Amino acid sequence: MIADVAVETTPEVPLWNDPAHSVTARVSALIDAMTLEEKIAQLYGVWVGASDEGGDVAPHQHDMEEAVDLDALLPTGLGQLTRPFGTLPVDPALGALSLSRTQARIASRNRFGIPAVAHEECLAGFAAWGATAYPVPLSWGATFDPDLIHRMAAAIGRDMRSVGVHQGLAPVLDVVRDARWGRVEETIGEDPYLVGTIGAAYVRGLEGAGIVATLKHFVGYSASRAGRNLAPSSVGPRERADVLLPPFEMAIREGGARSVMHAYTDIDGVPAAADEDLLTGLLRDTWGFEGTVVADYFGIAFLKTLHGIAADWAGAAGAALRAGVDVELPTVKTFGAPLAEAVTAGRVPEKVIDRALRRVLIQKAMLGLLDPDWNPVPPALDGADLDDPDALRGRIDLDGPANRELARTVAEEAVVLLSNDGTLPLERPRRIALVGPNADEATAVLGCYSFPQHIGVHHPETPVGIELPTLRDTLAAEFPEAEFTVVRGTGVDDGDAFGIPEAVRAARDADVVVAVLGDRAGLFGRGTSGEGCDAESLALPGAQQQLLDALIDTRKPVVTVLLAGRPYALGRAVEESAAIVQSFFPGAEGTAAIAGVLSGRTSPSGRLPVSVPRGAGAQPTTYLGARLAQASEVSNIDPTPAFGFGHGLTYTTFAWSDLVTYTKEAATDGEFSLAFTVRNTGERHGTEVVQLYLHDPVASVVQPVQRLIGYTRVRLAPGEARGVRVTVPADLASFTGRDGRRLVEPGDLELRFAASSTAPLLTATVTLTGPARHVDHTRRLHAVFGQGNTADN
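Residues numbered from 1 in each chain as written. Predicted model: local features only at pLDDT ≥ 70, side-chain atom pairs only at ≥ 80, totals over all residues. Heavy atoms only, no water.

Peer 1: Before we move on, could you go through the overall build of the protein and cite the residues and values that matter?
Peer 2: Secondary structure summary: the protein contains 22 helices and 28 strands in total. A compact globule built from 793 residues would reach a C-alpha radius of gyration of about 28 Å, and the protein, at 27 Å, matches this within 12%. Dimensions along the principal axes, computed over C-alpha positions, put the protein at roughly 80 × 70 × 50 Å. Put simply, 78% of the contacts in the protein that link residues at least 6 apart link residues at least 24 apart. For the protein, the centre of its 67 positive side-chain charges and the centre of its 100 negative side-chain charges are spaced 3 Å apart. (Helix = DSSP H or I, 4+ residues; strand = E, 2+ residues; numbered from the N terminus. Rg over C-alpha atoms; globule rule 2.2 N^0.38 Å. Contact = heavy atoms within 4.5 Å. Lys, Arg positive; Asp, Glu negative; His and termini not counted. Charge placed at Lys NZ, Arg CZ, Asp CG, Glu CD.)

Next comes the structure, spelled out in structure tokens:
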């Protein structure tokens, strides 16, 4: 906590505006001076849209809410502005001007001159018109490269901060439990360690740029039954503690996240928005989180309408406040007049208002919003003539060359080569049949929270705002001497098979077939992937499998390329396709990245963040299954994946050798030290992703057969060898015991160095000795990797 410092203030500057005082002293003085209505006003947002003429924002009339009279609200103040850029297509400079003018208006209308916090979505880049569309989080996971994701997040944060945004609603730290869930594309993967390390890196990048990162969805949202969005979750305490919570713990402890968004879900009858044990007991009292907890959109009202634990809006507001929710989003509903009336009537104690308000105002103070020199004009408009909006149009570029280069690097590292019979890289083919619903579709690279798919689809008269080359475009540039025949074949999900015969004819006349299949991102049933676009099975949507099988039947080499938001079962293609290239909505530079892999200009280095199923109905399953989750003789359903978590091929080969275990025994508070050598035995540069899995053969509670506890990328030239050393703390063997406490037990362990969860290459058996030891949230979280010339260095 920030200590109070007694400093004399001048009469001209109120104490709360005086930076010479401590933040806590300033905030305490401000709270003491506020009326109840002014306090509550800081605890909700209003959903608005910036003006494309540079005028004030206008309240967004959402179909779930009544109209908001902004003029009536402003005299008491306003906590947040919801999505000023992400509601309508607005030129960034005019949006920044609109936001600036609105902030000046907000500050001038309340007694204390307090502006609002402006928040935006940033799941795959800043969700604003004209901003770079980066790969979706599932592609972040495929990179296994936290440093790269940190750089990407920093770029996104700088763009947001430059136009006056303060808070970003990302990253999603939900761990995939059922790939049928529509929001899989928004997740980082099915392993908590991968999600935590990549997520924490994203948080560090966003926070380092001055943006408040918001972790979501806390917690259990992704564990819904049957993969249905906003459905009941059946999660035991150990699954919650050992699978779902660690990414949030890591992002708070190591990422420095300043905000958390509660989940919509309930666990064992307690909605997250009303769970005091979760939002206060664990998050604040145990983990020490000091930031704000914000509501998922309409989540507090859902306590009445969906969960049925509140009889009225005031009851919902009181339940959320008591649990630890500080801010109602996206707009005022339960935290408005109903809450004020409940406090006056004694139904809700004012102290819970003050507790939430203190957190909100501390954050505003640390963002500089209470300082006397606060300026509503954002950095991107410094020096501009704000009285001439027309001259501003086009002034701000949120999709510049540096952004595009970074987006391409992420996309390239995220491409996963699942299989290859030697057809790839393509050797100057003369005739290419480019087939499939995503072959010539510009938006096929975008996730549901990209601006064009989230908002732009509702404004077809407005240009998309960024360059989106199709795979047809980039392959034509990559293979300028080739002759292309482009046939759609079928739609993504229309089931139309009438175009398949034409696709087959094109395939028979070609040297190679590139089949471009997958998803269309959308919202609430308007797509095959995205929020509210859940899948009944993991079969390819529509008639795409029928198209793929027909292409394979031509006996021509078929390269299957997937632009998708989730993994799909691919049927015969797993064995019979010449190659399979998996890309998870790779963003604006995604097709260039894929073209580079197909030509061999770049060498694939992505690894699967989620398993690819062999059968369309073998769900829910992830690689984190216990022994009973594996294939057996007592069930006719085999959940073994076609391609396991962590799998990915390259255009070279690697040999792993010379494993040395320096420490074979360690106390339950000690560590193990090991080393081995990785050599590039092929003829091309390549990157091996070394993955370390832990297998605990005997434990006091059932454990997954193996789980990821570390990884590192090793880049090698042809013939080059690199020594890899790793220190493994005993804390990484901890799990939640029968009494609900995390412990490290003595006994034998296997440390498996692997190219994927299904390809262990070197295994060391080590032993933990001494008494069982309890650990907590301060435990060591990482194995420490180092690289040298040989295993001895």
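Peer 1: Could you give me a rundown of unusual backbone geometry, with the residues and numbers involved?
Peer 2: Put simply, Lys 216 and His 217 share a cis peptide bond, and its omega is 5°. In this fold, His 217 is placed in strand S6 (residues 212-218). Between Leu 329 and the following residue, Pro 330, the backbone shows a cis peptide bond with an omega angle of 5°. With phi around 50°, Phe 524 is a residue other than glycine that occupies positive phi space.

Peer 1: Could you give an account of the packing of helix H18 (residues 471-478) against helix H22 (residues 590-599), naming the residues involved and the relevant values?
Peer 2: Two elements in contact, H18 and H22, have axes whose closest approach is 9 Å; the angle formed by their N-to-C orientations is 40°. Between H18 and H22, the angle is such that the two are oblique. Here H18 runs over H22; the crossing is right-handed. Only Thr 591, Ala 592, Ile 594, Ala 595, Gly 596, Leu 598 and Ser 599 of H22 make contact with H18, whose side of the interface consists of Leu 471, Thr 474, Leu 475 and Glu 478. A class-by-class count of the residues in the contact of H18 with H22 yields six nonpolar, four polar and one charged. (Axes fitted to C-alpha atoms, helices over the stretch in contact; angles between N-to-C directions. Parallel < 35°, antiparallel > 145°, perpendicular 65-115°, else oblique. Left-handed = near helix turned anticlockwise from the far one by under 90°. Nonpolar A, V, L, I, M, F, W, Y, C, P; charged D, E, K, R; others polar.)

Peer 1: Requested: an account of the sheet that holds strand S20 (residues 686-695), with residues and values cited.
Peer 2: Taken together, five strands build an open sheet; the order of strands is S18-S26-S25-S20-S21 and the sheet is mixed. With one partner strand each, in any of the chains shown, strand S18 (665-667) and strand S21 (707-716) form the two edges of the open sheet. In this sheet, neighbouring strand axes are inclined to one another by 25° on average, regardless of whether the strands run parallel or antiparallel. (Pairing = 2+ DSSP bridges.)

Peer 1: Which residues make up the nonpolar core, and what values go with them?
Peer 2: Grouped together as the largest cluster of nonpolar side chains are 193 residues, with contacts concentrated most on Phe 126, Tyr 202 and Phe 218. Discounting residues that sit within four places of it in the chain, Phe 126 has contacts with Phe 85, Glu 120, Glu 121, Ala 131, Thr 132, Ile 156, Asp 159, Met 160, Val 163, Val 165 and Leu 398. The next biggest cluster of nonpolar side chains, apart from the first, holds 33 residues, and it includes Ala 411, Ala 444, Val 516 and Ala 588. (Core = buried A, V, L, I, M, F, W, Y, C linked by side-chain atoms within 4.5 Å. Buried < 20%, exposed > 50% of the residue type's maximum accessible area, 1.4 Å probe, protein only.)

Peer 1: Let's hear about the confidence of the model for the protein: which residues, and what values?
Peer 2: On average, residues of the protein carry a pLDDT of 95, and 98% of them reach 70 or more. Within the model, the stretch residues 1-9 combines pLDDT values under 50 with 19 contacts to residues more than four positions away or in other chains. (pLDDT = per-residue confidence, 0-100.)

Peer 1: Now, about the sheet that holds strand S24 (residues 742-744): what can you tell me, with residues and values included?
Peer 2: Pairing is antiparallel in the open sheet, where three strands are placed in the order S23-S24-S27. Lying at the two open borders of the sheet, with one neighbouring strand each, are strand S23 (735-736) and strand S27 (773-775). Pairing geometry for S24 and S27, over three bridges, is antiparallel. Within the sheet, the bridge partner assigned to Val 744 lies in S27 and is Arg 773.

Peer 1: For the packing of aromatic side chains, give the residues involved together with the corresponding values.
Peer 2: Considering all chains together, one arrives at 17 aromatic pairs under this definition. Measuring from centroid to centroid gives 5.1 Å for Phe 218 and Phe 248, while their planes differ by 65°, and the two rings are edge-to-face. Of this pair, Phe 218 sits in strand S6 while Phe 248 sits in helix H9 (residues 246-253), and the two are 30 residues apart along the sequence. Residues Phe 218 and Phe 248 agree in their burial class; the two are buried. Centre to centre, the rings of Tyr 264 and Phe 302 are 5.4 Å apart; their planes meet at 50°, and the pair counts as tilted. Taken as a pair, Tyr 264 in the loop between strand S7 (259-262) and strand S8 (266-267) and Phe 302 in helix H11 (residues 302-305) lie far apart in primary sequence, 38 residues in all. Here Tyr 264 and Phe 302 have matching classes, each one buried. An aromatic cluster of at least three residues, connected via ring pairs, comprises Phe 144, Tyr 193, Tyr 623, Phe 645, Tyr 693 and Tyr 711. Its guanidinium or amino end placed over the ring of Tyr 449, Lys 216 lies 5.6 Å from that ring's centre, counting from NZ or CZ. (Phe/Tyr/Trp six-rings, centres within 6.5 Å; stacked < 30°, edge-to-face > 60°. Lys NZ or Arg CZ within 6 Å of the ring centre and 35° of its normal.)

Peer 1: How would you sum up the pairing of strand S1 (residues 45-49)? Please name residues and give values.
Peer 2: S1 sits mainly inside the fold: five of its five residues count as buried. With burial as the criterion, each face of S1 is covered, one bearing Gly 45, Trp 47 and Gly 49 and the other bearing Val 46 and Val 48. Bridge count for S1 against strand S3 (residues 80-82) is three bridges, and the pairing is parallel. Counted as the bridge partner of Gly 45 is Gln 80 from S3. Across two bridges, the pairing between S1 and strand S2 (residues 58-59) is antiparallel.

Peer 1: Can you break down the state of the cysteines residue by residue, with the values?
Peer 2: Tallying each qualifying case throughout the model produces zero disulfides. Free of any disulfide, Cys 533 has its nearest neighbouring cysteine sulfur in Cys 448, separated by 7.2 Å. According to the relative accessible area criterion, Cys 533 is buried, its value standing at 2%. (Disulfide = S-S within 2.5 Å.)

Peer 1: Describe the pairing of strand S19 (residues 671-680), and please don't skip the residues or the numbers.
Peer 2: The buried fraction of S19 amounts to eight of the 10 residues, a majority that puts the element mostly inside the structure. Sheet topology note: the strand S17 (residues 654-661)/S19 ladder contains six bridges and is antiparallel. What sits directly across from Thr 661, in S19, is Leu 674. Bridge analysis of S19 against strand S22 (residues 721-729) gives nine bridges, and the strand direction is antiparallel. Residue pairing across strands places Ala 675 opposite Arg 725, the latter belonging to S22.

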